[in-house]
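# Survey of secondary and tertiary structure
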Amino acid sequence: MQLAPADDPDHPRHPAEAAARATGLADLDRVVTGCRACPRLVEWREETARTKRRAYQDWDYWARPIPGFGPPEAPLVLVGLAPAAHGANRTGRIFTGDPSGDLLYAALHDLGFANRPHSVRHGDGLELYGVRITDPVRCAPPDNKPSTAERETCRPWITREMQLLRPTVRTVVALGGFAWQAMLPVIADAGWVLPRPRPAFGHAALATFPARDGGSDLRLYGCYHVSPRNTNTGRLSTAMLRDLLREAALSAGLRPR
């Protein structure tokens, strides 16, 4: 018997139909980890887990899509690009196991939004307060470059995530230009109005989107990605990251340290 797309993780329509059925974030996070809708990404994430990096030969890689991380009532959402092959694809948690995550979680802890500064792996006891972290692409892509088709296939997951966060979310931080561009159609699909012309990405750029139903506006901040390329060249400093996260948190109604 042929499965419906929502029940067939290999079907290209699986993300759209399975995400639409999710009634809460816990349900969405559970279902997304079984997705196999993008053959190139499935092959890459699993090949990476088989070959491993020398430093991680004793690890049992996660090698599945990465769910969002953080409380379901978060008013502040941070959005990256995609899991790193030997970072989140290994550890099972977004921004975990690589230098980008080390910087990000340390900054969140400094501001009082994490119970500790280090993120080791899925299920290690780390907690976030008022902040949720997610990606528009849930599987590690070769060279950290998902295709346009892969991004669009994956988009229903983050769209549904934003819809489920709608009662509480007030501010989004896009970590990098890819995240900024990916979030614009997601914001529209989740119920907010995009301005014309579309706002452009930049560090500390800010765009505001009114809700179609008269609810709360959504604010989108741009932030240079927390990648070693940006931090090692000084394009993004620890102070710059903390300052932007502090401003975004205040705009979301949170109280940073």
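Residues numbered from 1 in each chain as written. Predicted model: local features only at pLDDT ≥ 70, side-chain atom pairs only at ≥ 80, totals over all residues. Heavy atoms only, no water.

## Looking at the state of the cysteines
For clarity, the threshold we go by: We call a pair of cysteine sulfur atoms a disulfide whenever their separation is within 2.5 Å. When accessible area is computed with a 1.4 Å probe and restricted to protein chains, residues below 20% of their type maximum are described as buried, those above 50% as exposed, and intermediate ones as partly exposed.
Overall, the coordinates contain zero disulfides when judged by the stated rule. With no disulfide of its own, C38 has C154 as its nearest cysteine by sulfur position, at a separation of 6.3 Å. Owing to a relative accessible area of 14%, C38 belongs among the buried residues under this scheme.

## Description of the sheet that holds strand β1 (residues 76-79)
Rules: DSSP calls a pair of strands paired once it identifies at least 2 bridges connecting them. For the purposes of this entry, the term helix denotes a DSSP run of H or I that reaches at least four residues, the term strand denotes a run of E that reaches at least two, and both are numbered from the N terminus. Only the stretch in contact is used when a helix axis is fitted, and all axes are lines through C-alpha atoms; the angle between N-to-C directions ranges over 0 to 180 degrees.
Taken together, the five strands give an open sheet; going across it, the order is β2-β1-β3-β5-β4, and neighbouring strands pair in mixed fashion. Two strands lie at the open edges of the sheet, namely β2 (131-134) and β4 (206-209), each paired on one side alone. Sheet twist, expressed as the mean angle between neighbouring strand axes with direction ignored, is 20 degrees. One ladder, built from four bridges, connects β4 with strand β5 (residues 218-223); its direction is antiparallel.

## Remarks on the packing of aromatic side chains
Just so we agree on the cut-off: Any two rings among Phe, Tyr and Trp, with Trp reduced to its six-membered ring, count as a pair given centres within 6.5 Å; such a pair is stacked if its planes are under 30 degrees apart, edge-to-face if over 60, and tilted if neither. The rule for a charge over a ring is simple: NZ of Lys or CZ of Arg within 6 Å of the ring centre, and within 35 degrees of the ring normal.
As enumerated under the stated definition, the model contains three aromatic pairs in all. Relative to F201, the ring of W180 has its centre 5.9 Å away and its plane inclined at 65 degrees; by these criteria the two rings are edge-to-face. Separated by 21 residues along the polypeptide, W180 in helix α7 (residues 177-189) and F201 in the loop between α7 and β4 bring together distant segments of the chain. A relative accessible area of 27% places F201 in the partly exposed class. A network of ring pairs unites the aromatic residues W180, F201 and Y224 as a single cluster. The cationic tip of R90 hangs over the ring face of Y56; the distance from NZ or CZ to the ring centre is 3.6 Å. Here the basic side chain of R90 rests over the ring of W59, its NZ or CZ set 4.4 Å away from the ring centre.

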